[in-house]
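Residue-level structural notes
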Amino acid sequence: MGLLDILLGRTKPVAPDLDQLFALPSAAVTLEAAAGFTPTGQGAVCFATVEGSAFEQTHREVQALLDADTERTGPPVRLVRDDYGYSWLVSERAPDQLALLVNDLHAVNSAMEVNGFGPQLLCSLAGFERAAGPSAGLQGADGQRLALVYLYKRGAYYPFAPLPGSGQRRDNALELQVKAALTDDLRIEPDLSRWFPVWGAPGL
């Protein structure tokens, strides 16, 4: 970054760092202790939909690779398109297999990168749910869903907490509290304007 960038307040973009995904299991421990949220076992990688045989071959190879895992007991990896035209490669593991889910997310991102589709990668997420019963710490209703979203091009996370029920409403107060709780575990995206809502994301 040059002197002019510094003087004008411009910041250098953060390079993608997929190893940040491996911080999720540690963050999950903190999140459960602070707020009673536990992993759902669902996770997904979101990317801009691309047409063409090269892309189709890439996602078929990724699906085959993940489905070949002998430890996978849930449904096969699936490709989903949301109402906004984005594609999600969805993996489901047992709730206590977050580390394996993270490996899946990392493998999908890495395969997309290697095959030249890094620019299409948008985010990855892991789902959490607040179990019924009393819990200390942060606010939030029983059964509330939460996603920890990793922004590929920013190399950072943010929490997304859609409110239960119909309508597109999110619990901003809970998101800020989760941010504070996980500051020591995850690289949190400091620009709140980049905390994009992921309405319709698989698992939420």
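Residues numbered from 1 in each chain as written. Predicted model: local features only at pLDDT ≥ 70, side-chain atom pairs only at ≥ 80, totals over all residues. Heavy atoms only, no water.

1. A word on the packing of helix α2 (residues 24–35) against helix α4 (residues 98–114)
Basically, it comes down to this: Between the N-to-C directions of two axes lies an angle of 0 to 180 degrees, each axis being a line fitted to C-alpha atoms and, for a helix, fitted only over the stretch in contact. Working definition: helices are DSSP H or I runs of at least four residues, strands are E runs of at least two. Numbering for both runs from the N terminus. These descriptions rest on fixed angle ranges, namely under 35 degrees for roughly parallel, over 145 for roughly antiparallel, 65 to 115 for roughly perpendicular, and the rest for oblique. Take the far helix as the reference: if the near one is turned anticlockwise from it by less than a right angle, the crossing is left-handed, and if turned clockwise, right-handed. Whether two residues touch is decided by their heavy atoms; if any such pair falls within 4.5 Å, the residues are in contact.
In the contact formed by α2 and α4, the axes pass within 9 Å of each other and the chain directions differ by 140°. Taken together, the axes of α2 and α4 are oblique relative to one another. Of the two possible hands of crossing, α2 and α4 adopt the one that is right-handed. Residues L24, P25 and A28 of α2 touch α4, and the partners they reach there are L98, A99 and V102.

2. A few points about the environment of L21
Rules: Burial here depends on accessible area, computed with a 1.4 Å probe over protein chains only, as a share of the maximum for the residue type. Under 20% is buried, over 50% is exposed, and the range in between is partly exposed.
For L21, the position within the fold is in the loop between α1 (3–7) and α2. Its relative accessible area of 1% is what places L21 among the buried residues. Considering only alpha carbons, one finds L21 and A126, 105 residues apart in sequence, at a separation of 9.8 Å. With sequence-adjacent residues up to four places away left out, L21 is seen in contact with V102, L105, H106, N109, S124, Y150 and Y157.

3. Comments concerning the packing of aromatic side chains
Applied cut-off: Here a pair means two rings of Phe, Tyr or Trp (six-membered ring of Trp) with centres within 6.5 Å. Their orientation is stacked below 30 degrees between planes, edge-to-face above 60, and tilted elsewhere.
Scanning all chains against the criterion turns up three aromatic pairs. A centroid spacing of 6.0 Å and a plane angle of 20° characterise the contact between Y158 and W195, whose relative ring orientation is stacked. Here the residue Y158 occupies a position in strand β6 (residues 156–160), and W195 occupies one in the segment after α5 (172–181), the gap between them amounting to 37 residues. There is no split in this pair, since Y158 and W195 are both buried.

4. Overview of the sheet that holds strand β1 (residues 37–48)
Note the cut-off: Pairing between strands is defined by DSSP: at least two bridges between them are needed.
In space, the six strands of this open sheet follow the order β2-β3-β1-β4-β5-β6, with antiparallel pairing throughout. Only two strands of the sheet have a single neighbouring strand rather than two, namely β2 (78–81) and β6. When the angles between neighbouring strand axes are averaged without regard to direction, this sheet yields 25°. In terms of strand pairing, strand β5 (residues 145–151) meets β6 through five bridges, oriented antiparallel. Its bridge partner lying in β6, Y150 is registered against Y157. Contacts from helix α3 (residues 53–67) reach β1, β2 and β3 (86–92) within the one sheet, and its direction differs from that of β2 by about 130°. Contacts from α4 reach β1, β3 and β4 (121–130), with the element oriented near 5° to β1.

5. Points about the confidence of the model for the chain
Low pLDDT marks stretches whose predicted atomic positions should not be read closely. To be explicit about the condition: A residue's pLDDT is the confidence the predictor assigns to it, expressed on a 0 to 100 scale.
Chain-level statistics for the chain give a pLDDT mean of 85 and a share of 86% at 70 or above. The weakest mean pLDDT in the chain belongs to α1 at 48; the strongest belongs to β6 at 97.

6. Things to note about the pattern of salt bridges
When charged atoms on two side chains of opposite charge get close, those side chains can pair. As a reminder of what qualifies: Whenever Lys or Arg places a side-chain nitrogen within 4 Å of a carboxyl oxygen from Asp or Glu, that contact is recorded as a salt bridge.
Throughout the structure, instances matching the rule amount to seven salt bridges. The shortest N-O distance in the salt bridge between E129 and R145 comes to 3.6 Å. Taken as a pair, E129 in strand β4 and R145 in strand β5 lie far apart in primary sequence, 16 residues in all. Using a relative accessible area of 29% as the deciding quantity, one classes E129 as partly exposed.

7. Examining the pairing of β3
Consecutive side chains of a regular strand alternate in pointing toward one face of the sheet and then the other. Most of β3 sits out of view: six of its seven residues are buried. Across four bridges, β2 lies against β3 in antiparallel orientation. When the sheet's bridge partners are listed, L79 is paired in β3 with L89. Turn length for the β2-β3 hairpin, with the two strands adjacent in sequence and antiparallel, is four residues, and the turn residue G85 shows positive phi of about 90°.

8. What to know about the nonpolar core
Where a protein is soluble and globular, its nonpolar side chains tend to be buried together. The criterion, for reference: Side-chain atoms within 4.5 Å link the members of a nonpolar core, which is a set of buried Ala, Val, Leu, Ile, Met, Phe, Trp, Tyr and Cys residues.
Membership of the largest hydrophobic core comes to 54 residues, with the highest contact counts inside it found for W88, F128, L148 and V198. Among the elements that take part in this core, α4 stands out by supplying seven residues, more than any other.

9. What about the side chain of H106?
Tracing the backbone through its elements, the reader meets H106 in helix α4. On the basis of relative accessibility, which here comes to 18%, the residue H106 falls in the buried class. Setting aside residues no more than four positions away along its own chain, H106 makes contact with L18, D19, L21 and F22.

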